[in-house]
Structures are given as C-alpha cells and as structure tokens.
Amino acid sequence: MKTTKIIAAVMAMTMTMGLCACGDSADSGTTDSKSTKSTVAQDKTNEDDKDSKSEETSSAVEEVDYQYGVIAIDVHYRFSKHFDMDWKVYSTIDPISSYDDDSCFLSVGQLCDEYNNLTIDADKPEEWLDIVHDQMAEDLSNGYNYVMVDPALNISESEIQEINGRTFVRFVGTFFDDNYDKDVDLVGYLTVVKGDQNLSSYKEDNTAGFIVSQYHDKANIDELDAYAREAAETMAVGKDEWDKME
C-alpha cells in the first residue's frame, strides 16, 4: 500500500513537470516567433530607408544643372549644362554650343597681350569695352560656330555692375554671322582681373568674362542674360576664392 502511494506521487510530479516544460516550450516558441517577425520588419524598414535615401540622392544629382569652367588656370566659374557641345577651339574666346537651340556660351579670356599691344587697368571699368572692343569682335569670328568676314561688334547698351564684390561691365550687342547669313544677339559680362604675382597667368591686369549668344530670330535677351550672369556670379579668381565657392 505504501509502495503504491509513492509510485502515484512520483507519477503526479512527473506529469506536472512535463506540463510545465510544455508550457515553457510553447512560450519560448511564441517569443522566438515574435522576435523573428520583429527582426524581419526592422530589416524591411531599414531597406525602405536605404531605398528612400538612394532615391533622394539620385533625385538631387539629377537636379544639378551646372558644370564648371576655367579661364587661363586662375579663373573658375559655374555655368549651365544647357551648353553641351564643346568646340574645343582653345582660343581667347572659347565657344560651347547647345544642341537644343543653337545658343552659345563663350568664355572670354585674356584679350590684352604683347601681340596687339593692348593694356588695361582693373581700376578703370569705364574704359574696358573701348579698349578690347575690336579684339573681342575679331576673336568672336573663330571659324567654327561663327564666321565674320568683316568682324564688327555693335554694342547697343552697357553698364557697370557690382556682382558679389567684383566689377563687371554688362553689355548687349549684335554681330553678323556670314556662315549662316544671320544676325546674332548677345549679352556679355566683362571684368578685369587685377594682376597678382601669386597667380599663374594673371601676372598683370587682364580681361575675363562671359558672353551668351543666339541667332536673332530665336534670341531671348532675358534668357541669354541669365546664363551669362550665372557664370559672373560664381566667378572665382585663384584657389582660395574657388575653395570658398565650392
């Protein structure tokens, strides 16, 4: 009789422990399942965040509508990607045309040199256009995008402007392109970089600037002005200025 009671008690304890173990196992399984679902959800959220950031970055890159240019090593500037056909003339006035509408961005380099005996004073902007007018007209006739049999540049208006602490002469003008027998309208911003022995090319005062041109039948002066002015506003002379611009 005593033996039977002992066996019954042992069986009861065994069953109780088994039930507890099953309960623990069930709870553990539920916890693991919840943990797995939580991890998957977190990974999915992280992936979505990465995709979102990637899309934002891609969108930001696509929105950039400018490129960089340089004049005679020392002068850097930014201008629109609207101009996408570089003629690679490498002359005093370098043209980059637009496939879209045939407008043209022209960077103006050093117009004064020992060959034409021109000298210019950075402190006298009222004289700049008069001094380089003929040379600028001659260099616009580069034989690529424009050909001028009788180089003549007609300036209809000009004014001195201060842009980001730098003096420019803004001018509007026309010339005749014999290549296509058409009048060309233009807007330009001309400045003179003060000579500095620490610069690579501008050891003495000399010109730098930007012209945007378009055939008269298509030209919109405000648009031409906006393209040229962007380059003037972002112009930097020397590494220190350029580092600040970037």
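Note that the coordinates shown come from a computational prediction; the quantities given were computed from them, not determined experimentally.

Take helix H3 (residues 221-233) next. For H3, which comprises 13 residues, the first-to-last C-alpha distance of 18 Å matches the rise-based estimate of 18 Å (1.5 Å per residue) to within 8%. Those residues of H3 that fall on the buried side of the exposure criterion are Leu224, Asp225, Ala228, Glu230, Ala231 and Ala232. Between the side-chain oxygen of the N-cap and the backbone nitrogen of aspartate 222 there are 3.0 Å, and the N-cap of H3 in question is asparagine 220.

Read from one edge to the other, the open sheet built from three strands follows the order E1-E2-E10, with strand pairing classed as antiparallel. This sheet does not close on itself; its edge strands, each paired only once, are strand E1 (66-71) and strand E10 (236-237). Packed on one face of the sheet, H3 meets E1 and strand E2 (75-80) and runs near 150° to E2.

The next point concerns unusual backbone geometry. Its identity is not glycine, yet lysine 88 carries a phi of approximately 50°, on the positive side. Within the secondary structure, lysine 88 is located in the loop between strand E3 (85-86) and strand E4 (93-97). Phi is positive for aspartate 181, which is not a glycine, with a value near 55°. With respect to the helices and strands, aspartate 181 occurs in the loop between strand E7 (166-177) and strand E8 (182-193). Given the relative accessible area of 56%, aspartate 181 is considered exposed.

Parameters and conventions
Residues numbered from 1 in each chain as written. Predicted model: local features only at pLDDT ≥ 70, side-chain atom pairs only at ≥ 80, totals over all residues. Heavy atoms only, no water. Helix = DSSP H or I, 4+ residues; strand = E, 2+ residues; numbered from the N terminus. Expected span 1.5 Å × (residues − 1). Buried < 20%, exposed > 50% of the residue type's maximum accessible area, 1.4 Å probe, protein only. Polar contact = N/O pair within 3.5 Å; in protein donor to acceptor, adjacent residues only side chain to side chain. Pairing = 2+ DSSP bridges. Contact = heavy atoms within 4.5 Å. Axes fitted to C-alpha atoms, helices over the stretch in contact; angles between N-to-C directions.

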